[in-house]
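Fold and geometry: a report
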Amino acid sequence: MPGTSPAMTKKVDPDWSADILYRHVLSEIRPAAAADLPAITEIYRHAVLYGTATFELLPPDLTEMTRRFGMLMDGGFPYLVASP
């Protein structure tokens, strides 16, 4: 559509909803580890492709997410994950 931003043309993924969170009760919030990065990358990929909470248009790959994780860890910033 002319005059429409890419974020406005994203489609909703019908297989992904808040219902997923209700079916999987999260019981622990903990510091992220390098082993979590493949799952984090996949979750963020979905957010980039179907969500509106990021300005990124292309999802970063595992290499880029690993680089970002390293920079945050080196800077002493928290990086948390929730797990069942």
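Residues numbered from 1 in each chain as written. Predicted model: local features only at pLDDT ≥ 70, side-chain atom pairs only at ≥ 80, totals over all residues. Heavy atoms only, no water.

**Looking at the packing of aromatic side chains**
Let me state the cut-off plainly: Pairing of aromatic rings covers Phe, Tyr and the six-membered ring of Trp, with a centre-to-centre limit of 6.5 Å; geometry is then stacked below 30 degrees between planes, edge-to-face above 60, and tilted otherwise. Numbering of helices and strands runs from the N terminus, with a helix taken as a DSSP run of H or I at least four residues long and a strand as a DSSP run of E at least two residues long. Residue exposure (1.4 Å probe, protein chains only): buried if accessible area is under 20% of the type maximum, exposed if over 50%, otherwise partly exposed.
Under the definition given, this model contains one aromatic pair. Here phenylalanine 69 and tyrosine 79 contribute two aromatic rings whose centre-to-centre distance is 5.1 Å and whose plane-to-plane angle is 75°, an arrangement assigned as edge-to-face. Of this pair, phenylalanine 69 sits in helix α3 (residues 62–74) while tyrosine 79 sits in the loop between α3 and β2 (80–83); the two residues are ten residues apart in sequence, bridging distant segments of the chain. In this pair, the class of phenylalanine 69 matches that of tyrosine 79, namely buried.

**Things to note about the side chain of threonine 54**
Under the convention used in this document: Every residue pair with non-hydrogen atoms within 4.5 Å of one another is taken to be in contact.
Note on placement: threonine 54 falls in the loop between α2 (37–50) and α3. For threonine 54, a relative accessible area of 14% translates into the label buried. The residues contacting threonine 54, other than those within four sequence positions of it, are Tyr44, Ala47 and Val48.

**What about α2?**
The line we're drawing: Given the number of residues in a helix, its expected span is that number minus one, multiplied by 1.5 Å.
The end-to-end C-alpha separation of α2 is 20 Å, in line with the 20 Å expected for 14 residues at 1.5 Å each. Those residues of α2 not exposed but buried are Leu37, Ile40, Thr41, His46 and Val48.

**Here's the deal with the pairing of β2**
To be explicit about the condition: Think of it this way: DSSP has to see at least two bridges between two strands before they count as a pair.
What you see with β2 is a clean split: Val81 and Ser83 sit on the buried side and Leu80 and Ala82 on the side with no burial. The pairing of strand β1 (residues 28–31) with β2 spans four bridges and is classified as antiparallel. By the bridge assignment for β2, proline 31 is matched with leucine 80.

**Re the side chain of aspartate 36**
With respect to the secondary-structure elements, aspartate 36 resides in the loop between β1 and α2. Residue classification places aspartate 36 among the buried residues on the basis of a relative accessible area of 14%. For aspartate 36, the contacting residues outside a window of four places in its chain are Arg30, Pro31 and Val81.

**Notes on the nonpolar core**
Side chains of a nonpolar character, in soluble globular proteins, are inclined to be buried together. Our working rule: Buried residues of nine kinds, namely Ala, Val, Leu, Ile, Met, Phe, Trp, Tyr and Cys, make up a nonpolar core once their side-chain atoms join them within 4.5 Å.
Ranked by size, the top nonpolar core spans seven residues in total: Ala32, Leu37, Ile40, Met65, Phe69, Tyr79 and Val81. Looking at this core, the elements with two or more residues in it are α2 and α3.

The quantities given are spatial measurements derived from coordinates; they are silent on function.
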